[in-house]
Amino acid sequence: MRVWLLVYGVLYVVIEMIGHSLASVGWPQVTALDVATAVTDAFLAVSLALAAILGLKLAARRWGPALAARLHTAGLVEVFPTAPLGVRSWRADPVALPAAPAPAPARPPVRGTYEVGASGSVWRRRDRRVAPSFPEEPGHLL
């Protein structure tokens, strides 16, 4: 089929769909929104139809030969072999894996600016508390 004939046919169908949508509204009451809705609906319908045709074509190309071969042969084909498959190595001789790297020396834990030491002491800087203070007696809390 010629491409120009196919394009003409699709364009004709789109114009007919738009005309039918506008005629259902009524020609004297047609607004710009009605025209935009009719054009969008027509192109959506055509694109969905083309997507379905393309999907069928791709499915026929992908599974067509296998389906034709399956329908052509009357006997059953053995899918799984009974004996194990042999595998040949691509290396001439196996190579040993390298040794694991030595572990890094342990570092002392890094303390943050607002951290309280393990012994419960609080770091001080010029007689000011750096760590957050928690009152020991009941009082006003913000």
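Bear in mind that the values here come from a model prediction, so they are computed numbers and not experimental data.

Quick notes on the rules
Residues numbered from 1 in each chain as written. Predicted model: local features only at pLDDT ≥ 70, side-chain atom pairs only at ≥ 80, totals over all residues. Heavy atoms only, no water. Helix = DSSP H or I, 4+ residues; strand = E, 2+ residues; numbered from the N terminus. Expected span 1.5 Å × (residues − 1). Buried < 20%, exposed > 50% of the residue type's maximum accessible area, 1.4 Å probe, protein only. UniProt positions renumbered as here; feature names shortened; annotations may be inferred.

### A word on helix H1 (residues 3-25)
Then step 1. Its 23 residues give H1 an end-to-end C-alpha distance of 34 Å, which sits within 8% of 33 Å, the value for a rise of 1.5 Å per residue.
Then step 2. Looking only at H1, the buried set comprises Val 14, Ile 18 and Leu 22.
Then step 3. Immediately beyond the C-terminal end of H1, within one or two residues, lies Gly 26, with a positive phi of roughly 110 degrees.

### Considerations on the environment of Leu 50
Then step 1. For Leu 50, the position within the fold is in helix H2 (residues 32-72).
Then step 2. The spatial distance from the C-alpha of Leu 50 to the C-alpha of Val 10 is 10.0 Å, given a sequence separation of 40 residues.

### Points about the UniProt feature "transmembrane region" (unreviewed entry) in the protein chain
Then step 1. The feature "transmembrane region" (unreviewed entry), as given by UniProt, occupies residues 42-60 in the numbering adopted here.
Then step 2. Along residues 42-60 one finds 100% helix and 0% strand; the C-alpha atoms at either end are 27 Å apart.

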